[in-house]
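Examination of the molecular architecture
Residues per chain are reported as follows:
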Amino acid sequence: MHYNPSTDRHGLKFNPFKSCTVPRPIGWLSSVSPEGICNLAPYSQWQNLTFDPPMVMFAANQYPDGRRKDTVLNAERSGWFAWNMATYDLREAVNISASAVATEIDEFDLAGVTKAACIDAPCPRVAESPIHFECRYLSTHRLQGNSPEGTVDIVFARVERIHIKEEAIGADGKIDVKKLRPIARLGYYDYTVVNEIFEMKMPGATAAELAGLEGTPR
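Remember, predicted model here, so these are calculated numbers, not experimental data.

1. Some words on the packing of aromatic side chains
Applying the stated criterion across every chain, the model contains five aromatic pairs. Centre to centre, the rings of F58 and F81 are 5.3 Å apart; their planes meet at 80 degrees, and the pair counts as edge-to-face. With F58 in strand β5 (residues 54–61) and F81 in strand β6 (residues 80–84), this residue pair connects regions lying 23 residues apart in the sequence. Overall, the relative accessible area of 0% leaves F58 in the buried class. Among the aromatic residues, those joined into a ring-pair cluster are Y43, F58 and F81. The ring of Y63 carries R67 above its face, with NZ or CZ at 4.3 Å from the centroid.

Written as structure tokens, this is what we have:
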């Protein structure tokens, strides 16, 4: 099958688009409003951009009534947000924090997770999460959609500080992903968890090239 998503109906029971680009890492983002209200929300359109310096982005669709997401507004106003790794053990808290609630609700309390202070950012991070990034806001790029909820804010930031718990690092000096079991978003309301890993090195690449691809110079 093939179809033009702007003009054609796909003919399926559910829209397949989001199930084609999978799995998507979860941006479980914490921020704080000018009034001091803490926000915590997951975004499945999240990714790293480069490693020297480390930069990240997330995309947040508007609400159907045209309101922008609190995470975007908080990042713009405070200049910061934090990323918290979403793991299988924290899946229920991640899901609860996805609820659309009033701005004055502290979503750390709603999700039942503990606040840990950041070093540079004014917002807290999730103490139970094994890895955190403190992200300094850089810019927002807005793309107009065909509907209010189709309009999206793409937020770019620079990672200024990285927190990694000691137990997250394996004996080989690498992040122990199989132990942490990060979750990722599929389409519909489906998620997956990292349980298996396999390695493939680029054929013909030198050791220096392979090191550079993984960002090891710093």
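Let us keep going from here.
2. A few points about the sheet that holds strand β11 (residues 183–185)
The three strands are arranged β1-β11-β12 in an open sheet whose pairing can be described as antiparallel. Edge strands, defined here as strands with exactly one partner in the open sheet, are β1 (24–25) and β12 (191–193). The pairing of β11 with β12 spans three bridges and is antiparallel. Residue pairing for β12: R185 is matched across the bridge by Y191.

3. Description of the sheet that holds strand β3 (residues 38–43)
Strand order in the open sheet made by the seven strands is β3-β2-β6-β9-β10-β5-β4, with antiparallel pairing throughout. Each end of this open sheet is capped by a strand with a single partner; those strands are β3 and β4 (46–51). Neighbour-to-neighbour, the strand axes of the sheet open up by a mean angle of 30 degrees, direction not taken into account. Contacts from helix α1 (residues 70–78) reach β2 (27–32), β3, β5, β6, β9 (131–143) and β10 (152–164), with the element oriented near 50 degrees to β2.

4. A few points about the pattern of salt bridges
This model, assessed by the stated rule, comprises eight salt bridges. Salt-bridge contacts for R67 lead to D65; the nearest nitrogen and oxygen are separated by 2.8 Å. On the accessibility criterion, D65 (53% relative accessible area) is exposed. In this structure, D120 and R161 form a salt bridge, with 2.8 Å as the shortest nitrogen-oxygen distance. With D120 in the loop between β7 (115–117) and β8 (124–126) and R161 in strand β10, this pair connects stretches of sequence that are 41 residues apart. Look at D120 and you get partly exposed, because its relative accessible area is 34%. The exposure class assigned to R161 is partly exposed, which follows from its relative accessible area of 31%.

5. Points about unusual backbone geometry
Among all residues except glycine, the phi angle is most often negative; among peptide bonds, the trans geometry is most common. The peptide bond linking V22 to P23 adopts the cis configuration, its omega dihedral lying at -10 degrees. Positionally, P23 belongs in the segment before β1. In this structure, the amide linkage connecting D52 to the following residue, P53, adopts the cis form with an omega of 5 degrees. We note that R181 has phi near 55 degrees; this positive angle belongs to a residue other than glycine. Within the secondary structure, R181 is located in the loop between α4 (177–180) and β11. Phi angles above zero are rare outside glycine, and Y188 is one such case at about 55 degrees. Counting through the fold element by element, Y188 comes out in the loop between β11 and β12. On the basis of relative accessibility, which here comes to 40%, the residue Y188 falls in the partly exposed class.

What counts, and at which threshold
- Residues numbered from 1 in each chain as written.
- Predicted model: local features only at pLDDT ≥ 70, side-chain atom pairs only at ≥ 80, totals over all residues.
- Heavy atoms only, no water.
- Phe/Tyr/Trp six-rings, centres within 6.5 Å; stacked < 30°, edge-to-face > 60°.
- Helix = DSSP H or I, 4+ residues; strand = E, 2+ residues; numbered from the N terminus.
- Buried < 20%, exposed > 50% of the residue type's maximum accessible area, 1.4 Å probe, protein only.
- Lys NZ or Arg CZ within 6 Å of the ring centre and 35° of its normal.
- Pairing = 2+ DSSP bridges.
- Axes fitted to C-alpha atoms, helices over the stretch in contact; angles between N-to-C directions.
- Contact = heavy atoms within 4.5 Å.
- Salt bridge = Lys/Arg side-chain N within 4 Å of Asp/Glu carboxyl O.

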